[in-house]
Amino acid sequence: MAEELPGMNVAAETAGGDACPATGQPLLLIEGVAKTFGMFRAVDGVSLDIKAGEFFALLGPSGCGKTTLLRMLAGFEAPDEGRILLGGKDIAQALPHERPINMMFQNYALFPHLSVRDNIAFGLKRAGMPRADIATRVAEMVALVKLEGLEKRKPDQLSGGQRQRVALARALARRPQLLLLDEPLAALDKKLRESTQAELMELQRRLGMTFIIVTHDQEEAMTMADRIGVMNAGKLAQVASPRELYEAPRSRWVAEFVGDINLFDGESKLRDGRRLVIGTRDAGALVVTEPREAVGAGKLAVAIRPEKIKLSRRAPVNEAGRETAINTLEGVIADICYLGGTTTYKVKLDTGGMLQASVANSARLDVDAYSLNQHVVAWFTPDDCVVLQS
Amino acid sequence: MSSRRIFAKPARFAAIAPYVWMVLFFLVPFGFVLKISLSQTAIAQPPYEPVFDLTAGWDALKAAFAALSVDNFKLLASDDIYVFAYLRSLTVAVTATALLLLIGYPIAYGMARLPKRWQAVAMVLVIVPFWTSFLIRIYAWINILQHDGLLNQILLALHLVSQPVVWLATDTAMYIGIVYSYLPFMVLPLYATLAKMEPALEEAASDLGAPPWQVFWLVTFPLSLPGVGAGVLLCFIPIVGEFVIPDLLAGSNALMIGQTLWLEFFTNKDWPVASAAAIVLLVVLLVPLLLYERLQKRQLEQGR
């Protein structure tokens, strides 16, 4: 790293006390954690482990339990069941002020009666840090989030982006073993959000800290996180890297929640080596690559991402004039949605179903564009298909 | 431009209406009281002189002005009775307001932390006593506190005392009455500030390592100061001038300024001294009001 930040030695100076496990070592272990509010089971037996230095995202629709899970990590809610181990110690019942974990709140929760400096120093004073050290640390944090000159301002004299930085500096000042971020960028506009995403990632990498971010914005989770845990109805539906989550969703729900996808229900018909033929109602017989995990005999679904589908006026042929594509579907363009970088076509298949195909607009002049009601051939390879248990 | 003119008249009237109100119902009566306070008592109708008679001509008016004096204010300053009455009023008001804050804050805090639908119930419970006449409620307290009243019966039944305690005609009874009567005025503004405080602020303080008592003193309390200020003023100012509660519940050896005023006005028929006492009371009460206003202005300026 080019620049050396003074005192940025996380492990030695954590205000929370205990030394932090080295990067890559397991830091946080969540075991069978559950939380019920009245009749509503908000978090339903979640187990998860997070490594030191990891940038982890909890992704899910609103009400899926991701915020409740985060609040249990911070200590604002006590789990009804399960254990939360931080560096080997069970903290499930510890109070928030006893945990070496800090949180950045969704609406920042800056203390309106305190200046930027006093907001950042708040946690340090509580930790009993000597005054001189507090001044140094605050100055360091102010520099880190580029807020020089604003130390004496009150929160309501700051812009949204500046407030977000103060909240980040305040949460980082104690050098927590784990930083929780609850929808940290939701209040910012798109451009600012994108630049802040990059800054957060850079900061996390530079400080070597462990971040857990809660978000409902899948693009944000994909951009920033090393791993994503997708939650649905209180359960973790899948924990995977962004790429794996997108290209190899493990369930129909995950496939539909993350990005756009075409789904065709059907049944396994024939096995041919590594290939499987699945008869679908809406798209006829599709040839797919056999998934690594054996699929049962019951109902299956074939999932194909829109950008994996190629469109052409005629089916592709080789020099001998034989059709090369394995899965070809014919239909007419039913809807066109121009998105700038790509265009999404909805194709009404001759077999009855609808197909969504996303085509990159690689040429400026629209010689390749299709028009409404034009007859097209959609084709894709067996490897582009994901087989899901229905 | 014509549309603007249509609205100009009512708008201008709306703007001056509060001033008209202030002049009619505050400044004019205040002028009367001020004039009477500068007059001398007389056995006449009205019971003071001089009397301004606008029909008597310019010279009579000049003579009447010349007859005005500040003697009554000198009397107030020189006679212990008045000085002590002011001091007692201030002491009672400060003590009672402090008690109200100590009792009202936990109630308001508890209310603000209740589930939403229970907050409305609690609010009604705080306000419900107001639906009964204030005097009846004070008489009810006389009933409770008297020699063979409910309080003594309970204390005797529990064997906490061996013979009835004298409650009535004591300062304790007066403080009970004042705190009871003014509690809603303390609780409601406090509740209003505490209820609209963002819960995440307390969580943030706790997250940053503050144990519960520090969360309260460093975040909750400072942020509730506007409510504290409003509650304190709403209680302190009327308590300084309080007349009924000390008259009915406290002993007669030490009087508050409200009682003194009443005596001068109705028993001694000394309107000028009573008016002077009222003017001094007003000036005394202006001090905390001006302080509060300056505090609020500073907060507003900091807020900008």
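Not measured: the values here are computed from a predicted model.

### Considerations on the overall build of chain A
Scanning chain A from terminus to terminus reveals nine helices and 20 strands. Along the first, second and third principal axes, the C-alpha set of chain A runs to 80 × 50 × 40 Å. Split into buried and exposed, the 390 residues of chain A put 38% on the buried side. Long-range contacts, defined here as pairs at least 24 residues apart, represent 64% of the contacts in chain A between residues at least 6 apart.

### Things to note about the overall build of chain B
Looking only at helices and strands, one finds 14 helices and two strands in chain B. Its C-alpha atoms give chain B a radius of gyration of 25 Å, clearly above 19 Å, the size a compact globule of 304 residues would have. Overall, the C-alpha framework of chain B stretches about 80 × 80 × 35 Å when taken along its three principal axes. Contacts in chain B between residues far apart in sequence, at least 24 positions, make up 71% of those at least 6 positions apart.

### A look at the interface of chain B and chain A
Across the contact, 17 residues belong to chain B and 19 residues belong to chain A. Breaking the side of chain B that touches chain A down by element, the ones donating at least two residues are helix 9 (199–207), helix 10 (212–223) and helix 14 (271–303) of chain B. Among the elements that make up the side of chain B that touches chain A, the one with the highest residue count is helix 9 of chain B (six residues).

### Description of the nonpolar core
Residue and element names in this part refer to chain A. Core analysis: the biggest nonpolar cluster contains 107 residues, and Ala-169, Leu-180, Ile-212 and Val-302 have the highest contact counts within it. The element that contributes the greatest number of residues to this core is helix 5 (residues 160–172), accounting for six residues. When residues are assigned to domains, this core turns out to be shared by domain 1 (10–100 + 174–247) and domain 2 (260–389), each giving three or more. Not counting residues up to four positions away in its chain, the partners in contact with Val-302 are Phe-264, Gly-266, Ile-278, Thr-280, Leu-286, Val-288, Cys-385 and Val-387.

### Some thoughts on the sheet that holds strand 3 (residues 55–59) of chain A
All names here are of chain A. Spatial ordering of the open sheet is given by 6-7-8-3-9-10, a layout of six strands whose pairing is mixed. This sheet does not close on itself; its edge strands, each paired only once, are strand 6 (101–104) and strand 10 (235–240). Between one strand and the next, the sheet's axes are offset by a mean angle of 20°, whatever the strand orientation. When strand 3 meets strand 8 (residues 210–215), the two strands line up parallel, connected through five bridges. When the sheet's bridge partners are listed, Ala-57 is paired in strand 8 with Ile-213.

### A closer look at the domain arrangement of chain A
Here chain A is partitioned into domain 1 (10–100 + 174–247) and domain 2 (260–389). Relative placement of domain 1 of chain A and domain 2 of chain A: their C-alpha centres are 37 Å apart.

### Thoughts on the sheet that holds strand 2 (residues 40–51) of chain A
Strands in a sheet are paired, the pairing made by backbone hydrogen bonds, and the direction either parallel or antiparallel. Residues and elements named next belong to chain A. The strand order across the open sheet formed by four strands is 2-1-4-5, and the pairing between neighbours is antiparallel. Because the sheet does not close on itself, it has two edges, and the strands there are strand 2 and strand 5 (89–90). Sheet topology note: the strand 4 (residues 81–86)/strand 5 ladder contains two bridges and is antiparallel. Within strand 5, the position partnered with Leu-86 by the bridge is Lys-89. Most of the contacts of helix 2 (residues 66–74) go to strand 2, to which it runs at about 60°, and overall it touches strand 1 (26–37), strand 2 and strand 4.

### Side note on the pairing of strand 8 of chain A
All names here are of chain A. Across the six residues that make up strand 8, a large majority, six, are buried. Here strand 8 shows a buried face lined by Thr-210, Ile-212 and Val-214 and a second buried face lined by Phe-211, Ile-213 and Thr-215. In this structure, strand 7 (residues 178–182) lies alongside strand 8, joined through five bridges in parallel fashion. Its bridge partner lying in strand 8, Leu-181 is registered against Ile-213.

### Here we look at the UniProt feature "domain: ABC transporter" (unreviewed entry) in chain A
When the UniProt feature table is mapped onto this chain numbering, "domain: ABC transporter" (unreviewed entry) sits at residues 28–258 of chain A. Secondary structure within residues 28–258 of chain A divides into 36% helix and 27% strand; the distance between the first and last C-alpha atoms comes to 26 Å.

### Details of the pairing of strand 10 of chain A
Residue and element names in this part refer to chain A. In terms of strand pairing, strand 9 (residues 227–232) meets strand 10 through five bridges, oriented antiparallel. By the bridge assignment for strand 10, Asn-232 is matched with Lys-235. A loop of two residues connects strand 9 with strand 10, the two strands running antiparallel in sequence, and Ala-233 in this loop sits at a positive phi of about 50°.

### Details of the packing of helix 4 (residues 80–113) of chain B against helix 11 (residues 225–240) of chain B
Residue and element names in this part refer to chain B. Look at helix 4 against helix 11: their axes get within 9 Å of each other, and the N-to-C directions meet at 145°. Along this stretch, helix 4 crosses helix 11, giving a crossing that reads as right-handed. Two secondary-structure elements touch here, helix 4 through Ser-89, Leu-90, Val-92, Ala-93, Ala-96, Thr-97, Leu-100, Leu-101 and Gly-104 and helix 11 through Val-228, Gly-231, Val-232, Cys-235, Phe-236, Ile-239 and Val-240. Taken together, the residues of the contact of helix 4 with helix 11 sort by class into twelve nonpolar, four polar and no charged.

### A word on the UniProt feature "domain: ABC transmembrane type-1" (unreviewed entry) in chain B
Taken from the UniProt record, the annotation "domain: ABC transmembrane type-1" (unreviewed entry) applies to residues 86–292 of chain B. In the segment residues 86–292 of chain B, helix accounts for 78% and strand for 0%; the C-alpha atoms at its two ends are 21 Å apart.

### Observations concerning the UniProt feature "transmembrane region" (unreviewed entry) in chain B
Under the UniProt annotation, "transmembrane region" (unreviewed entry) lies at residues 12–32, 81–108, 120–142, 173–194, 215–240 and 271–292 of chain B. In residues 271–292 of chain B, the share of helix is 100% and the share of strand is 0%. The end C-alpha atoms are 32 Å apart.

### Quick word on helix 9 of chain B
Counting buried positions along helix 9 of chain B gives seven out of nine residues, so the element sits mostly inside the fold. Taken together, the buried residues of helix 9 of chain B touch helix 2 and strand 6 of chain A together with helix 10 of chain B. Following helix 9 of chain B by one or two positions, Gly-209 of chain B has its phi on the positive side, about 100°.

Procedures and definitions
- Residues numbered from 1 in each chain as written.
- Chains lettered and ligands numbered in written order.
- Predicted model: local features only at pLDDT ≥ 70, side-chain atom pairs only at ≥ 80, totals over all residues.
- Helix = DSSP H or I, 4+ residues; strand = E, 2+ residues; numbered from the N terminus.
- Buried ≥ 20, exposed ≤ 12 C-beta atoms within 10 Å, placed from the backbone.
- Contact = placed C-beta atoms within 7 Å.
- Rg over C-alpha atoms; globule rule 2.2 N^0.38 Å.
- Core = buried A, V, L, I, M, F, W, Y, C linked by C-beta atoms within 7 Å.
- Domains from an automatic or database assignment.
- Pairing = 2+ DSSP bridges.
- Axes fitted to C-alpha atoms, helices over the stretch in contact; angles between N-to-C directions.
- UniProt positions renumbered as here; feature names shortened; annotations may be inferred.
- Left-handed = near helix turned anticlockwise from the far one by under 90°.
- Nonpolar A, V, L, I, M, F, W, Y, C, P; charged D, E, K, R; others polar.

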